[in-house]
Amino acid sequence: MKQPSLHKIAVIGGGSWATALVKILSEQTGNQVRWWLRSQADIDHIRAYHHNPRYLSDVFHSPKKVKVCGKIKDAIRDANYIVLAVPAAYIEEPLQKLKPADFSGKRIVSAIKGMIPEVNLLVTDWMEERFEVPLGDICVIAGPCHAEEVALEKQSYLTIASTNPECAADFAKIITCRYVTAHPLADLYGVEYAAVMKNIVALACGITYGLGYGDNFQAVMVSNAMQEIRRFVTALDPREREMSASAYLGDLLVTAYSQFSRNRLFGNMIGRGYSVKAAQVEMKMVAEGYFATKSIHAINQQLGVSMPITDAVYRILYEGIAPGLVMNELKAQLR
Ligand SMILES: NC(=O)C1=CN([C@@H]2O[C@H](COP(=O)(O)OP(=O)(O)OC[C@H]3O[C@@H](n4cnc5c(N)ncnc54)[C@H](OP(=O)(O)O)[C@@H]3O)[C@@H](O)[C@H]2O)C=CC1
Ligand SMILES: O=C(CO)COP(=O)(O)O
């Protein structure tokens, strides 16, 4: 009888998405998962009770398939794929003691929809620069998929994007399971930038809802946002891409409309009058769009693309201008 091929996968991160990915990846018979989390209390809890105590705590993690690690080197040593699922602003910390040799011969999968602050780099570019991982050994997980729906085993679709078609196709097979279908795509940068930028749009949608705007306005905002994303991505990496595909439009829609979106919720609190600090403290989860707004705004200082929605969110979050005033001005720029 043909044995299923064995894939050793390290998942780095302890939040909602890492927890959901551990669940998905441990579904296939041939996959073995090593899971690194930063909190020793969470590690002890998962070892004892097989559930993450703070994120998706209803999800059971089989100890036969999932080994929890407190040391990142133990998690990655034998792995052929390393999945990064820590918000971009915090990914440097767990990896800081690692060297390029620790990643040699391994493939990196970024599940992160954010940018490294200050240097304003995509996670894939940062991994190539900092750890000398060849771009052909890197892919990203994208597509409309909330961790909370994975926990409920609701049918979901993912896109695995890479410059290397073999890498994307291989990982798409590894991550496909009963309730997740994954497809490969060659557009690494387009997919990764669109995944970062849809968080800014979801934040803008949340802000307008918090201010009392309705579905009519949001539909116009999302349509304009799709054009804004296309303009930005085309300026950076011009090529034919089908922007209505689920990796681009689908992810924008789910994040802009879903009850589970962290970015939308964060924006909603800002629209209702919370300060950035108060919204961050209250939410207990991370809205990548907050950091992405600053990075994309900075990159666009060089590009000069027309980005009224990103500019509006930037003015609210980083210049402290009243959301009502900014959105009132944005109204005139939407079509
Ligand atoms: N949630 C989802 O449905 C999806 C998320 N993603 C992406 O996955 C990535 C991870 O997000 P997600 O799992 O949702 O995050 P969550 O909001 O669920 O959890 C926050 C995570 O950030 C960590 N964290 C918070 N503050 C700090 C800090 N100061 N230093 C270090 N770590 C910190 C937390 O660690 P601790 O708990 O130990 O404090 C926790 O692991 C993001 O890029 C997101 O865009 C992509 C697709 C879907
Ligand atoms: O990317 C996501 C769903 O595809 C998650 O978005 P939020 O971080 O806004 O929850």
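Conventions we followed
Residues numbered from 1 in each chain as written. Chains lettered and ligands numbered in written order. Predicted model: local features only at pLDDT ≥ 70, side-chain atom pairs only at ≥ 80, totals over all residues. Heavy atoms only, no water. Near = heavy atom within 4 Å. Polar contact = N/O pair within 3.5 Å; in protein donor to acceptor, adjacent residues only side chain to side chain. Areas by Shrake-Rupley, 256 points an atom, 1.4 Å probe, with all protein chains shown as cover. Nonpolar A, V, L, I, M, F, W, Y, C, P; charged D, E, K, R; others polar. Phe/Tyr/Trp six-rings, centres within 6.5 Å; stacked < 30°, edge-to-face > 60°. UniProt positions renumbered as here; feature names shortened; annotations may be inferred. Helix = DSSP H or I, 4+ residues; strand = E, 2+ residues; numbered from the N terminus. Buried < 20%, exposed > 50% of the residue type's maximum accessible area, 1.4 Å probe, protein only. Contact = heavy atoms within 4.5 Å. 1 Å grid on protein atoms, 1.4 Å probe; cavity = no way out; pocket = protein on both sides within 12 Å on 5 of 7 lines; lining within 4 Å. Points joined across faces, edges and corners; volume = space filled by probe spheres on them. Sits in = over half its atoms within 2 Å of the grid points.

Q: Tell me about the site of ligand 1, residues and numbers included.
A: Of all residues adjacent to ligand 1, which total 20 residues, the nearest are Ser-16, Arg-38, Tyr-55, Arg-262 and Glu-288. Separating an oxygen atom of ligand 1 from a backbone N or O atom of Lys-113 is a distance of 3.0 Å. Here a nitrogen atom of ligand 1 and a side-chain polar atom of Arg-262 are 2.7 Å apart. Protein coverage of the free-state accessible area of ligand 1, which is 890 Å², stands at 86%. When grouped by side-chain class, the residues that make up the shell around ligand 1 number 11 nonpolar, four polar and five charged.

Q: Tell me about the packing of aromatic side chains, and name the residues and values.
A: Counting across every chain of the model gives 10 aromatic pairs. Members of the aromatic cluster, connected to one another through ring pairs, are Tyr-90, Phe-266, Tyr-290, Phe-291, Tyr-314 and Tyr-318.

Q: Give a detailed account of the UniProt feature "active site" (unreviewed entry) in the protein chain, specifying residues and quantitative values.
A: Following the UniProt record, the feature "active site" (unreviewed entry) maps to Lys-198 here. When you line up the elements, Lys-198 lands in helix 9 (residues 188–211). Residue Lys-198 is classed as buried on the basis of its relative accessible area, which comes to 6%. Beyond its immediate chain neighbours, meaning those up to four positions away, Lys-198 contacts Lys-113, Ile-229, Asp-251, Leu-252 and Thr-255.

Q: Break down the layout of surface pockets for me, with residues and values.
A: When its volume is computed, the largest pocket comes out at roughly 1,200 Å³. Residue lining of the largest pocket: 45 residues in total, with Gly-15, Val-86, Pro-87, Met-285 and Val-286 positioned closest to the centre. Within the residue set of the lining of the largest pocket, elements represented by two or more residues are helix 1 (16–25), helix 4 (92–95), helix 9, helix 11 (246–257), helix 12 (262–271), helix 13 (276–283) and helix 14 (288–303). Among the residues forming the lining of the largest pocket, the class breakdown is 22 nonpolar, 12 polar and 11 charged.

Q: Account for the environment of His-61, naming residues and giving values.
A: Among the structural elements, His-61 can be located in the loop between helix 2 (40–49) and strand 3 (66–69). For the pair His-61 and Val-33, spaced 28 residues apart in sequence, the C-alpha to C-alpha distance is 10 Å. Setting aside chain neighbours within four positions, we find His-61 in contact with Thr-19, Val-22, Lys-23, Trp-35, His-50, His-51, Asn-52 and Val-66.

Q: An account of empty space enclosed by the protein is needed here, citing residue identities and associated values.
A: As enumerated under the stated definition, the model contains two cavities of 30 Å³ or more in all. Roughly 40 Å³ of internal volume is contained in the largest cavity. Looking at the largest cavity, the residues that line it are Ser-110, Ile-112, Lys-113, Val-140, Ile-141, Ala-142, Glu-192 and Ala-195. Contributions of two or more residues to the lining of the largest cavity are made by strand 8 (138–142) and helix 9. Ranked by the residues each element gives to the lining of the largest cavity, the list is headed by strand 8, at three residues. By volume, the second largest cavity is sized at about 30 Å³.

Q: Before we move on, can you summarise the site of ligand 2 with the specific residues and values?
A: Every one of the 13 residues lining ligand 2 counts as a neighbour, but Lys-198, Asp-251, Ser-261, Arg-262 and Asn-263 are closest to it. Lys-113 is positioned such that a nitrogen or oxygen atom in its side chain is 2.9 Å from an oxygen atom of ligand 2. In this structure, an oxygen atom belonging to ligand 2 sits 3.1 Å away from a side-chain N or O atom of His-146. Considering ligand 2 on its own, with 310 Å² of exposed area, one finds that the protein chains cover 91% of that surface. The pocket occupied by ligand 2, as judged from atoms lying within 2 Å of grid points, is the largest pocket. For the shell around ligand 2, the secondary structure elements donating two or more residues are helix 11 and helix 12. For the shell around ligand 2, the leading source of residues is helix 11, giving three residues. In terms of residue class, the shell around ligand 2 is made up of four nonpolar, five polar and four charged.

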